[in-house]
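# Fold and contact review
Now for the letters of each chain:
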Amino acid sequence: MQLFLIILFISSSLFAAEKISLQLKWHHQFQFAGYYAALEKGFFRDEGLDVELKDRDIVKNNVEQVLQGESQYGIADSVLFLYQAQKSPIVIIAPIFQHSPNILLTLKSSSIDSPYKLIGRRVAFYPNDADGLPILAMMHETGVLKKGFNRVNADFDFKAFINKEVDAHHGYITNEPYALLQKGIETNIINPQHFGVDLYGDTLFTSQNELLNHPKRVAAMKRATIRGWEYALSHQEEIIRLIQTKYAPQKSLDQLRYEAKGIESVISATTIPIGTLDYGRLEYTQNLLKRHGLINSNIPLDKYIYKDALNNQLNLTPQEITWLKQHPVIHTAIDTSWAPFEYLDAKGEYKGLAADYLSLISQRLGIRFEPYTKGVWKDAVSLMERHQLDMFPCAVKTPEREMYATFTPPYLNFRMVIVTDENVGYLNDISELKNKTVAVARGYVSEEILKKHYPYINRYAVNTIAEGLEAVATGKAFAFIDNTAAITYAIKKEGYANLKISGEIPHNSELAIGIRNDWPIFAKIMEKAILSITPEERENIYNRHIRIEYTQQMSWERMLKILAPLGVIVALLLYYTRKLSLMNTALRNAVDSLHATQHELQILSSTDPLTTLANRYRLDEALKQAIRGAARYNRPLSIIIVDLDFFKVVNDTYGHQTGDAVLKSVAAVFRSNCRESDIIGRWGGEEFLIICPETEADEAVLLAEKLRSTLESKVIFDDYTQTASFGVCGYTKDDTPERLIIHADEALYTSKSQGRNRVSVCLE
């Protein structure tokens, strides 16, 4: 009997599920739906795994928890590359999110709808750079990081954001916009993907120790995870109710449904198999991190990536080799005007990203690709449907096309975005296009998407992307929809300075090779060929077509559109220059007329008699001296120009004596709130100039904001308060006094044009 019990105990131990834990990246929500599904539907159990899902302790570093053995597996994003660059024993198993949901949010009521407007602003950011890597990379990519912003720690409950104590707040596109909208707060979304930063999001990872000692367990964990996510995405309502019942009761069903929609978009499971790891994107991420100085050398990917994710070998079977010999020429259905993907150049030659990929594949397979150039895209599609052409070199897989073509895994992937006039605000959701006229190219996937999913949008069909942009620029259409690469290329090439990307739709342009479906053997060959292209080759192709700058001639009409506002600025500058010249003349005449004592002359030549601040002459000399010092010793310097808002109304309503009293009160506010090292003066009339030595532009912005708010809250007489507009500019190498003043004046003009009583900083 005892022997039987011992045998039974040993047997049960041998076949018991292996206990492991998975450290979640955050608190329970739909972000981890695939793991809940794998646990609750028995997918982990089927693989012999007993998995505990650990909620995030925000005090702890979730990556370090895996490295230190508290959990065997974890979820993180592209920050894993930073750990790998530091030779931490991290192994990436599978990226679940093909795109990062990280965004910045600003209030809809603010004018902040791009990172460029965050210079000098208060941004609530993660305590650790690594947690907001895509946002940080965007700030670096756009130059905002160098020019500076005021970084404050996030409070996670968005109280500071709602109370306008910060100008921008980090968030997830899948959560915070909805949560804030439920509170009646509309937001602008600043998405790093719109500014050239597209990194992997949530990624399953483990330690090298786990992979070394339990390789089969790692493989089992990956299989069960992918199976769980496939189930969660195809049974969303079931998993949503499970999450609310068992894991996150504080979240409403509508909130979880909104999050599910966003998660589905960043996973892109309809076009990219879940867990797909693209070697080219790994190289792209490496290069991005190196460019930002976050890593110094390449990461040995073979060491830090789970190896079954990398399969770039071209191993043809004897049957495949025979087939290629029997089909030396493949006739391709191309789009002759879809730059930068594929197009015909001035000589009628096939060019673009797809053409370069086909060139490499042609060399490896020993066959020739013959493009069909006699018609437009819809003609090529029609011939493909009848199998009179053999292959799409570059197309999006859709249900309609799958009826006659088989598609390889995508080799290019771009977001679908909305282009509008520059005066349109950020569009949080495609539903905001309801009943509006939206241009789409005939036969493109954008037309199919609108037709199938958004019938309430009025489609305006055009033949090319250039025609679509022209329709928006001329007012024939409210917006145009296509992928980011094609739109960015066309806007640069055509010179549409009045257009901008104002939002995105929850669909990707994931481009693959489509082969006629009666050639299954060739479909397998092309899949192997795509996988064989090295990261260096992908990077070179990308650089040739995406990252280059274009110089183009512009029509006089478009040139006038651009020069007209510049003419207004020049006219204003001439007006101010003339005004200042007259003031200088008056000052010189006044000084020449003074023949009193040397002491009196010195006082009158350097002091404004009304405010007792420095006068224009003293300011001119002080600014020259400050610039000489900044240039010689490479020290920071900033200036602030102030103009009292609607000051003429004070003189006209209350008289000049009251106006003088207001000027004195303003001067007193400035004098008591500036530093001893700052030089404060009356620039002329109701304008003041403050010279701030040893001060960066972002510090000067803070000072200006302090002066603005103090002045706004001061009651000068009766119930009267005076506001002012501020323009801030930091000194850069080789700046002259005149140039620095002009730039600060431009910033002041921006404050005035945006409603006054605000601070603007020069972006030069």
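Small disclaimer: the values here were computed from a predicted structure and weren't measured.

The rules behind these values
- Numbers given for residues are sequential positions, taken from 1 along each chain in its written order.
- Given that this is a predicted model, residues contribute local features only at a pLDDT of at least 70 and side-chain atom pairs are listed and counted only at 80 or more, while totals for whole chains, interfaces and linings are drawn from all residues.
- Heavy atoms from the whole structure form the basis of all side-chain values; hydrogens and water molecules are not counted.
- Note on conventions: DSSP H or I runs of at least 4 residues are helices, E runs of at least 2 residues are strands, and numbering of each starts at the N terminus.
- Note on exposure labels: buried denotes an accessible area under 20% of the residue type's maximum, exposed denotes more than 50%, and partly exposed covers the range between, all computed with a 1.4 Å probe on protein chains only.
- In this analysis, two residues are considered to be in contact whenever any of their non-hydrogen atoms come within 4.5 Å of each other.
- Surface exposure here means Shrake-Rupley accessible area, sampled with a 1.4 Å probe, where a residue is shielded only by the protein chains that are shown.
- The rule for pairing is simple: two strands pair if DSSP sees at least two bridges between them.
- Angles shown run from 0 to 180 degrees and are taken between the N-to-C directions of axes, each axis being a line fitted to C-alpha atoms and, for helices, limited to the stretch in contact.
- An angle below 35 degrees is treated as roughly parallel, one above 145 as roughly antiparallel, one from 65 to 115 as roughly perpendicular, and anything else as oblique.
- Here the nonpolar group is Ala, Val, Leu, Ile, Met, Phe, Trp, Tyr, Cys and Pro; Asp, Glu, Lys and Arg are the charged ones; every other residue, Gly included, is treated as polar.
- What we call a nonpolar core is a set of buried Ala, Val, Leu, Ile, Met, Phe, Trp, Tyr and Cys residues that are connected through their side-chain atoms within 4.5 Å.
- Two rings from Phe, Tyr or Trp (for Trp, the six-membered ring) form a pair when their centres sit within 6.5 Å of each other. Planes less than 30 degrees apart are called stacked, planes more than 60 degrees apart edge-to-face, and all others tilted.
- It is the rotation of the near helix from the far one that decides the hand of a crossing: anticlockwise by less than a right angle makes it left-handed, clockwise makes it right-handed.
- For every residue, the predictor reports its confidence as pLDDT, a number between 0 and 100.
- Salt bridge, as applied in this entry: a Lys or Arg side-chain nitrogen positioned within 4 Å of an Asp or Glu carboxyl oxygen.
- What counts as a disulfide here is a pair of cysteine sulfur atoms lying within 2.5 Å.
- Here, expected helix span is obtained from the residue count minus one, scaled by 1.5 Å.

### Here we look at the overall build of the chain
When its secondary structure is counted, the chain shows 30 helices and 29 strands. When the 764 residues of the chain are sorted by exposure, 52% land in the buried category. Long-range contacts, defined as pairs at least 24 residues apart, comprise 76% of the intrachain contacts of the chain with a sequence gap of at least 6. Put simply, the chain shows about 35400 Å² of open surface, and 52% of that area lies on carbon and sulfur atoms.

### A word on the environment of Asn298
Along the chain, Asn298 turns up in the loop between helix H14 (279–291) and helix H15 (301–304). Residue class for Asn298 comes out partly exposed when judged on its relative accessible area of 47%. Each C-alpha atom of the pair Asn298 and Asn287 lies 8.3 Å from the other, and the pair is 11 residues apart in sequence. If sequence neighbours within four positions are ignored, Asn298 has contacts with Gln286 and Lys290.

### Thoughts on the sheet that holds strand E14 (residues 350–351)
The 3 strands are arranged E12-E13-E14 in an open sheet whose pairing can be described as antiparallel. With partners counted over all chains shown, the strands left at the sheet margins are strand E12 (337–338) and E14, one partner each.

### A look at the packing of helix H16 (residues 318–326) against helix H22 (residues 520–532)
Running from N to C, H16 and H22 point in directions that differ by 100 degrees, and their axes come no closer than 10 Å. When the axis of H16 is compared with that of H22, the two are roughly perpendicular. Contacts between H16 and H22 involve Gln319, Glu320, Trp323 and Leu324 from the first element and Ile521, Phe522, Lys524, Ile525 and Lys528 from the second. Broken down by class, the residue content of the contact of H16 with H22 amounts to 5 nonpolar, 1 polar and 3 charged.

### A word on the nonpolar core
One broad rule of soluble globular proteins: the nonpolar side chains tend to lie buried together. Residues Phe341 and Phe522 are the most contacted members of the largest nonpolar core, which totals 85 residues. It is helix H17 (residues 353–365) that provides the largest number of residues to this core, a total of 8 residues. Residue contacts for Phe341: discarding those within four places in its chain leaves Lys351, Gly352, Leu353, Ala354, Ala355, Cys394, Leu412, Phe414, Asn483, Ala485, Ala486 and Leu511. With 72 residues, the next largest nonpolar core counts Val63, Ile135, Val701 and Val761 among its residues.

### Regarding unusual backbone geometry
A cis geometry characterises the amide bond from Ala339 onward to Pro340, with omega recorded as 5 degrees. When you line up the elements, Pro340 lands in the loop between E12 and strand E13 (342–344). The backbone of Asn757 shows a phi angle near 55 degrees, a positive value even though the residue is not glycine. For Asn757, the location among the structural elements is in the loop between helix H30 (737–753) and strand E29 (759–761).

### A short note on the side chain of Arg516
Here Arg516 is to be found in strand E22 (residues 499–516). Residue class for Arg516 comes out buried when judged on its relative accessible area of 12%. Once you skip the residues sitting within four places of it in the chain, Arg516 turns out to touch Met384, His387, Leu389, Asp390, Tyr404 and Ala405.

### Quick look at the packing of aromatic side chains
Two measures describe an aromatic ring pair: the distance that separates the ring centres and the angle between the ring planes. Evaluation of the coordinates by the stated rule reveals 22 aromatic pairs. The interplanar angle of 80 degrees and the centroid separation of 5.0 Å between the aromatic rings of Trp323 and Trp519 together place this pair among those described as edge-to-face. Of this pair, Trp323 sits in helix H16 while Trp519 sits in the loop between E22 and H22, and the two are 196 residues apart along the sequence. Both rings, one in Tyr654 and one in Tyr720, keep their centres 6.0 Å apart while their planes meet at 65 degrees; by these two values the pair is edge-to-face. Pair noted here: Tyr654 is in helix H27 (residues 647–654) and Tyr720 is in strand E27 (residues 720–721), with a separation of 66 residues, a long-range link. Judged by its relative accessible area of 16%, Tyr720 is buried. Aromatic rings pair up to connect Trp338, Phe341, Phe414 and Tyr444 into one cluster.

### Description of the sheet that holds strand E23 (residues 637–644)
Neighbouring strands of a sheet are bound in pairs by backbone hydrogen bonds; such pairs are parallel or else antiparallel. Strand order across the open sheet formed by 5 strands is E24-E25-E23-E28-E29, with mixed pairing between neighbours. Lying at the two open borders of the sheet, with one neighbouring strand each, are strand E24 (679–684) and E29. Strand-to-strand, the axes of this sheet are offset by a mean angle of 20 degrees, without reference to chain direction. Pairing of E23 with strand E25 (residues 687–693), which is carried by 7 bridges, proceeds in the antiparallel orientation. Each bridged residue has a counterpart across the sheet, and for Ile639 the counterpart in E25 is Ile691. Helix H26 (residues 616–633) contacts E23, E24 and E25 of the sheet and is inclined by roughly 130 degrees relative to E24.

### Details of the packing of helix H12 (residues 236–247) against helix H13 (residues 253–267)
Put simply, H12 and H13 touch, their axes get as near as 10 Å, and they point 130 degrees apart. Relative to H13, H12 is oriented oblique. The crossing of H12 and H13 is right-handed. Contacts between H12 and H13 involve Gln236, Glu237, Ile240, Arg241, Ile243 and Gln244 on the former and, on the latter, Leu253, Leu256, Arg257, Ala260 and Glu264.

### Observations regarding the confidence of the model for the chain
Per-chain confidence: the chain averages 84 in pLDDT, with 87% of residues scoring 70 or above. Considering each helix and strand of the chain separately, the mean pLDDT is smallest for helix H1 (residues 2–15), with a value of 42, and largest for helix H2 (residues 33–40), with 96. Note on residues 548–556: pLDDT is under 50 here. Beyond four places in sequence and across chains, it has 12 contacts.

### Notes on the pattern of salt bridges
One pass over the full model with this rule turns up 34 salt bridges. Close ionic contact of Glu238 with Lys41 constitutes a salt bridge, the shortest N to O distance being 3.1 Å. Pair noted here: Glu238 is in helix H12 and Lys41 is in the loop between H2 and helix H3 (43–46), with a separation of 197 residues, a long-range link. Put simply, Arg217 and Glu210 hold a salt bridge, and the shortest N to O gap is 2.7 Å. Within the structure, one salt-bridge network assembled from shared partners comprises Glu237, Arg241, Asp254 and Arg257.

### A word on the state of the cysteines
Inspection of the entire model under this criterion finds 0 disulfides. Among the cysteines around Cys674, which has no disulfide bond, Cys692 carries the closest sulfur, lying 6.5 Å off.

### Examining H22
Over its 13 residues, H22 extends 19 Å from the first C-alpha to the last, a length consistent with the 18 Å expected when each residue adds 1.5 Å. If you check which residues of H22 are buried, you get Phe522, Ala523, Ile525, Met526, Lys528, Ala529, Ile530 and Ser532.

### Topic: the pairing of strand E9 (residues 187–190)
Regular strands place side chains that alternate from one sheet face to the opposite one. Of the two faces of E9, the one carrying Thr187 and Ile189 and the one carrying Asn188 and Ile190 are both buried. As paired strands, strand E5 (residues 102–107) and E9 are joined by 4 bridges and run antiparallel to one another. Directly across from Leu105, in E9, lies its bridge partner Ile189.

### Topic: the environment of Leu282
Tracing the backbone shows Leu282 in helix H14. C-alpha separation for the pair Leu282 and Tyr200, spaced 82 residues apart in sequence, amounts to 9.0 Å.

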